[in-house]
Amino acid sequence: MSDTDTTPEIIATAGLARPAEIRIDPWGLCHLRAESLDDLFFLQGFNAARDRLWQIDLWRKRGLGRLAADFGPGYLAQDRASRAFLYRGDMAAEWTSYAPDARAIVEAFARGINAYVALTRREPERLPEEFRLFGTEPAFWEPEDVVRIRSHGLTRNALSEVLRAQVAPRCGDATDLLRKNLEPRIAPGHPGGLDLSAIPLAVLDLFKLGTAGVLFTPERLAATLAEAEAWTSVTDLGEVVRDAAWEGSNNWAVAGSRTATGRPILAGDPHRAHAVPSLRYLVHLSAPGFDAIGAGEPAVPGICMGHNGEAAFAITIFGADQEDVYVYETKPGDPDRYLYQGEWEPMRIVEETVAVKGAPDQVVRLRFTRHGPVLHAEGTRAFALRSVWFEPGSAAYLASLSTMRATTLPKYRAAARRWGAPSLNHVYADASGTIAWFPAGYTPNRPNWDGLLPVPGDGRFEWAGFHDLDAMPQLENPPEGFVASANEANLPADWPHAERPVGYEWLEASRARRIRAVLSEAAGHDVSDSTALQTDVVSMPARRLRPLLERLPADGLAGPGRALLLAWDERLTVESGAGLLSELWWTHHLKPALFARLIDDPALRALMQPGDVEGILQALEAPDARFGGDPHAGRDGLLAETLVAAFADAAARFGTDPADWRWGNLHHAFFAHAASAAAGAGLREALDVGPLEKPGSASTVMHAAYRGSDFRVTNGASVRFVVDVGDWDRSVCINTPGQSGDPRSPHYRDLAPLWARGAYVPMLYSRAAVDAASVATIRLVPDHP
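Here is a short report on the structure shown in this document. The shown structure was predicted, so the numbers you read here are calculated from the model rather than taken from an experiment.

### Topic: the packing of helix 17 (residues 540–550) against helix 18 (residues 559–566)
Turning to step 1, where the next piece is worked out: Two numbers describe how helix 17 lies on helix 18: the axes approach to 10 Å, and their chain directions differ by 140 degrees. Overall, the two elements helix 17 and helix 18 adopt an arrangement that is oblique. Once helix 17 is placed against helix 18, the crossing between them reads as left-handed. Residues Arg-546, Leu-549 and Glu-550 of helix 17 touch helix 18, and the partners they reach there are Arg-562, Leu-565 and Leu-566.
Turning to step 2, where the next piece is worked out: Each residue belonging to the contact of helix 17 with helix 18 can be placed in one class, and the counts come to three nonpolar, no polar and three charged.

### Observations regarding the nonpolar core
Turning to step 1, where the next piece is worked out: Among the nonpolar cores identified, the biggest contains 148 residues, and Phe-216, Leu-266, Phe-721 and Leu-780 are the most heavily contacted of them.
Turning to step 2, where the next piece is worked out: Sorting elements by how many residues they give to this core places helix 1 (residues 37–64) first, with 13 residues.
Turning to step 3, where the next piece is worked out: In this structure Leu-266 touches Trp-252, Ala-253, Ala-312, Phe-313, Ala-314, Val-427, Tyr-428, Ala-429, Phe-721, Val-722, Val-723 and Val-725, once residues within four positions along its chain are discounted.
Turning to step 4, where the next piece is worked out: In terms of nonpolar packing, the next biggest core, distinct from the first, is built from 76 residues, Leu-206, Leu-237, Leu-581 and Leu-639 among them.

### Things to note about the packing of helix 18 against helix 19 (residues 577–598)
Turning to step 1, where the next piece is worked out: At a minimum axis distance of 9 Å, the contact between helix 18 and helix 19 shows a crossing angle of 120 degrees. With respect to their mutual orientation, helix 18 and helix 19 come out oblique. Helix 18 and helix 19 meet at a crossing whose hand is left-handed. Facing helix 18, whose interface residues are Gly-561, Leu-564 and Leu-565, helix 19 presents Gly-577, Ala-578, Leu-581, Ser-582 and Trp-585.

### Focus: the sheet that holds strand 17 (residues 424–430)
Turning to step 1, where the next piece is worked out: Spatially, 11 strands are ordered 1-29-2-3-6-7-8-9-17-18-20 in an open sheet, and the strand pairing comes out mixed. Two strands bound the open sheet, and with one partner strand each, they are strand 1 (9–13) and strand 20 (475–476).
Turning to step 2, where the next piece is worked out: Running at roughly 10 degrees to strand 18 (residues 435–440), helix 14 (residues 409–416) makes contact with strand 9 (311–317), strand 17, strand 18 and strand 20 of the sheet.

### Some remarks on unusual backbone geometry
Turning to step 1, where the next piece is worked out: With an omega of -10 degrees, the peptide bond running from Ala-421 to Pro-422 counts as cis.
Turning to step 2, where the next piece is worked out: Note on placement: Pro-422 falls in the loop between helix 14 and strand 17.
Turning to step 3, where the next piece is worked out: We note that Gln-341 has phi near 50 degrees; this positive angle belongs to a residue other than glycine.
Turning to step 4, where the next piece is worked out: For Gln-341, the position within the fold is in the loop between strand 11 (334–340) and strand 12 (343–346).
Turning to step 5, where the next piece is worked out: Owing to a relative accessible area of 58%, Gln-341 belongs among the exposed residues under this scheme.

### Some words on helix 19
Turning to step 1, where the next piece is worked out: Over its 22 residues, helix 19 extends 30 Å from the first C-alpha to the last, a length consistent with the 32 Å expected when each residue adds 1.5 Å.
Turning to step 2, where the next piece is worked out: In helix 19, a bend of some 40 degrees at Trp-586 exceeds every other bend along the element.
Turning to step 3, where the next piece is worked out: Of all 22 residues that make up helix 19, 18 are buried, and the element is covered over most of its length.

### Topic: the pattern of salt bridges
Turning to step 1, where the next piece is worked out: Going through the model one piece at a time under the given rule, you end up with 58 salt bridges.
Turning to step 2, where the next piece is worked out: Its salt-bridge partner being Arg-365, residue Asp-336 comes within 2.4 Å of it at the nearest N-O pair. With a gap of 29 residues between them, Asp-336 in strand 11 and Arg-365 in strand 14 (residues 359–368) connect regions that are remote in the sequence.
Turning to step 3, where the next piece is worked out: Where Arg-626 meets Asp-624, a salt bridge forms, and the shortest distance between an N and an O atom there is 3.0 Å.
Turning to step 4, where the next piece is worked out: What makes Arg-626 partly exposed here is its relative accessible area of 27%.
Turning to step 5, where the next piece is worked out: Three or more residues are tied together by salt bridges with common partners; here these are Glu-21, Arg-23, Arg-33, Asp-771 and Arg-779.

### Description of the packing of aromatic side chains
Turning to step 1, where the next piece is worked out: Scanning the entire structure with this criterion turns up 31 aromatic pairs.
Turning to step 2, where the next piece is worked out: With a centroid separation of 6.4 Å and 75 degrees between ring planes, the pair formed by Trp-54 and Phe-71 is classed as edge-to-face. In this pair, Trp-54 sits in helix 1 while Phe-71 sits in helix 2 (residues 68–71), placing the two residues 17 residues apart along the sequence.
Turning to step 3, where the next piece is worked out: When its relative accessible area of 4% is taken as the criterion, Trp-54 is described as buried.
Turning to step 4, where the next piece is worked out: Ring centres of Trp-463 and Phe-466 lie 5.9 Å apart, and the angle between their planes is 65 degrees; this geometry places the pair in the edge-to-face category.
Turning to step 5, where the next piece is worked out: Owing to a relative accessible area of 32%, Phe-466 belongs among the partly exposed residues under this scheme.
Turning to step 6, where the next piece is worked out: Cluster of aromatic residues (ring-pair linked, three or more members): Trp-54, Phe-71, Tyr-75, Phe-131, Phe-134 and Phe-216.
Turning to step 7, where the next piece is worked out: The lysine or arginine in question, Arg-280, covers the ring of Tyr-397, its NZ or CZ lying 5.2 Å from the ring centre.
Turning to step 8, where the next piece is worked out: If you follow Arg-413 out to its NZ or CZ, it ends over the ring of Phe-438, 4.8 Å from the centre.

### A look at the state of the cysteines
Where two cysteines share a covalent bond between their sulfur atoms, that bond is called a disulfide.
Turning to step 1, where the next piece is worked out: Summed over the entire model, instances satisfying the criterion amount to zero disulfides.
Turning to step 2, where the next piece is worked out: Left unpaired, Cys-30 is separated from the closest cysteine sulfur, that of Cys-733, by 12 Å.

### Description of the environment of Ala-48
Turning to step 1, where the next piece is worked out: For Ala-48, the location among the structural elements is in helix 1.
Turning to step 2, where the next piece is worked out: A C-alpha to C-alpha distance of 29 Å links Ala-48 and Arg-220, two positions 172 residues apart in sequence.
Turning to step 3, where the next piece is worked out: Apart from residues lying up to four places away in sequence, Ala-48 is in contact with Leu-53, Ile-56, Phe-109 and Pro-298.

Conventions used here
Residues numbered from 1 in each chain as written. Predicted model: local features only at pLDDT ≥ 70, side-chain atom pairs only at ≥ 80, totals over all residues. Heavy atoms only, no water. Axes fitted to C-alpha atoms, helices over the stretch in contact; angles between N-to-C directions. Helix = DSSP H or I, 4+ residues; strand = E, 2+ residues; numbered from the N terminus. Parallel < 35°, antiparallel > 145°, perpendicular 65-115°, else oblique. Left-handed = near helix turned anticlockwise from the far one by under 90°. Contact = heavy atoms within 4.5 Å. Nonpolar A, V, L, I, M, F, W, Y, C, P; charged D, E, K, R; others polar. Core = buried A, V, L, I, M, F, W, Y, C linked by side-chain atoms within 4.5 Å. Buried < 20%, exposed > 50% of the residue type's maximum accessible area, 1.4 Å probe, protein only. Pairing = 2+ DSSP bridges. Expected span 1.5 Å × (residues − 1). Bend = angle between axes of the 7 residues up to and from the residue. Salt bridge = Lys/Arg side-chain N within 4 Å of Asp/Glu carboxyl O. Phe/Tyr/Trp six-rings, centres within 6.5 Å; stacked < 30°, edge-to-face > 60°. Lys NZ or Arg CZ within 6 Å of the ring centre and 35° of its normal. Disulfide = S-S within 2.5 Å.

Here it is, written out as structure tokens:
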């Protein structure tokens, strides 16, 4: 059925108790109505499959380690890696962690998915094109599939621990800060007498493969069983590190005392790796006693951000350290035993059979210590991961089954006690006028180390439980009249880090500083002011570089570049020639030259990318002896030399007249479908979306992080929304590239041009407004045997 049809489509399906309805608005946002919660979450699962079947089916197969059955031996190594990170704990504790009725909700959701899968078996023309491309079909779900998959969730900082062990012993702690800054600044402890230089990068191979997306290429699809191990390194470490460095979000709530209407305004825009289909899905869920609209992930029931007609809520990553890498001494001649508290403890061995397309079933052998899966072993050493993933209640975002139904701040905080992963800044506003901020999520207490480097797994370094929510900070109706977060180090200045350790690795504070500056000046704030702030492209790093540029001689070789940048307003619009020069200078010239100056080994320099903006800026603002006998002169020489090179680079690429330079000519969004590399030209054109000129950068509020090789935007906001708390139909939102994951749908790519230029669509909530705007209706009726 086309989404412009006015005649409702009627679908009879088993598993539904009463008739239910999907109303589709002009922007592809689906408004789901049912007569009970059980039917509502059945309907949500059915609709998720209807709009995102290929995406959620691939998500399930990747997460459970079942890719090889569909795609062949080239995926066997990834299946083994994914299985290492599944939740294997107590399922009774798992279900009760999220909500009293979490199991019933997830069961209904899975039944709904399965009802649509069954429909495609009867009517295969409903299958998206990707299934035909690969000759596969979607699988039926078990409710446990939703919660056991952990490897798509965001935790930290195993990657950084291993990279720090590579960089810091060879280049010093100060230089490692250019890779990942620490807030507050501490010297990482070296506990337990480990030889850090002996920790190989191979420790990360299983981890990066188990957390990676799925890559389809003709070569991988054609791989034989003999070639299966060649695909253990299919994922680039640099790509994984870049994603970890850039995945964040913005959120804020402005009190009625600072708004034009006297009602609070709440805004959120979660930042993740861009994909087609989008990671997020906007949906409206309505049943007696519950009516909420917002965004979540299509493979998970409920919403994790949005509003419920009484309270609004938005989330950003909070930098709690939720992972540790452990190093063990294994028994000579018996590598399945490791030394723990003076005794040789046996590893838990799990053998699982993996189906492989075109080959016999394969048995994979997984090893687990008391702390978690073994990542790597060599000689008489083994390395394992401890993560909150393996604790009951840490399926990503699933505690939103409780928070999305809370209508007051005390109820919301009580619900957030269930939050395990990822650790988040929760921003809240309700119709009574209350606004609040607080962090929640499993935050391990490390009583005798800082969590910044791998530690021995011999029993000396153990978690002492998790910090209670009441021990964490909170703001309620602060005198500033707003609350906000953007993944910055936002613990109070007097936080007792030694007694109550949380973490030291945060995203750089450029976005947070800009948000706070704008909100602090705001009077009569309204929805349009929040949308303007979400799409703000002022570069705070460029502003911090201005005083350093002013030190350079105006008549030197760097003069033309200096003049262009000093005349600029530091806004990274697509039309900005100075913006192009600034980002080209920073990415292709200044950072590489700085790393080359401070790090002799090219292999170590490669581990520094993408670099920490705050760490780099502080090194440039306060140069030390690493820049030579006269540090300021050495720093200024580096700035001038690289600016000259960047100006010449821009001239070679875009012409000698800077008036012809445009940031949008270089900086672009392109949504490459995972399957497009295996598709023919015609289907590839249907699957991929872009290119689209894109303003901003990784450091602007309109987050648009790009890879340095070609300036393609890889991370940023997919969903953005701004809620007028109390006058709900005035709220706005946007997804990208579209709501649907089916390339045949008009809603597959329709929102991408709006998103790229910072536009929004209505986020309609009232029944009257939704009914008036709807362009299509799907009615589900029970099909009783």
